[in-house]
Amino acid sequence: MIIEIDDYKTIDDLQQKFSECFPLLKLEFYAQPHHWYESSEEKKALSRYSQLDQIRKNHTHGFYEFFSQTRTGSFESELRDKYGLHVQIFRKQFGKWQQTTDTDQLTLGEQQNLALMHNTH
């Protein structure tokens, strides 16, 4: 999957594109970064209507390519390092969205499969 990142996109644009590939995962954007295995503070979450030029200092335009084999923590840190975006991936688990902090070593595909297991009855 490829996401185009430029200053004219909104958070919602990126969230929708990501969810097309991983419907049981979601991206949330924050004003501050976090490290591997750390959670993000809910009070630092950004509005999905925010335009990228308003939330990042690094205004690099590019195409970020990721795969189901991409590790969750790598996905988050690459968006931070390359594009100045502070993201946290969430996984739907038993009907609720959970931050994937304890499972940053898992791939996006593994996160999706875990969500499938925890949301089928």
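Summarised in this report is the structure supplied together with it. (Residues numbered from 1 in each chain as written. Predicted model: local features only at pLDDT ≥ 70, side-chain atom pairs only at ≥ 80, totals over all residues. Heavy atoms only, no water.)

## Re the pairing of strand β5 (residues 96–99)
- Sheet topology places strand β4 (residues 86–93) next to β5; 4 bridges connect them, and they run antiparallel. Counted as the bridge partner of Q93 is K96 from β5.
- The antiparallel hairpin formed by β4 and β5 contains 2 residues in its connecting segment, where F94 sits at a positive phi of about 55 degrees. (Pairing = 2+ DSSP bridges. Helix = DSSP H or I, 4+ residues; strand = E, 2+ residues; numbered from the N terminus.)

## Things to note about the packing of aromatic side chains
- This structure, assessed with the given rule, holds 8 aromatic pairs.
- Connected via pairs of aromatic rings, a cluster forms that spans F18, F22, Y64, F66, F75 and Y83.
- Sitting over the ring of F90, K26 keeps its end group 5.3 Å from the ring centre. (Phe/Tyr/Trp six-rings, centres within 6.5 Å; stacked < 30°, edge-to-face > 60°. Lys NZ or Arg CZ within 6 Å of the ring centre and 35° of its normal.)

## Quick word on the nonpolar core
- Membership of the largest hydrophobic core comes to 19 residues, with the highest contact counts inside it found for I5, F18, F66, F75, L79, L85 and L108.
- At the level of secondary structure, the elements contributing two or more residues to this core comprise β1 (2–5), α1 (11–21), β2 (25–30), α3 (72–83) and β4.
- Apart from the residues lying within four places of it in its own chain, the contact partners of L108 are F18, F22, L25, F66, F67, S68, T70, T72, F75 and I89. (Core = buried A, V, L, I, M, F, W, Y, C linked by side-chain atoms within 4.5 Å. Buried < 20%, exposed > 50% of the residue type's maximum accessible area, 1.4 Å probe, protein only. Contact = heavy atoms within 4.5 Å.)

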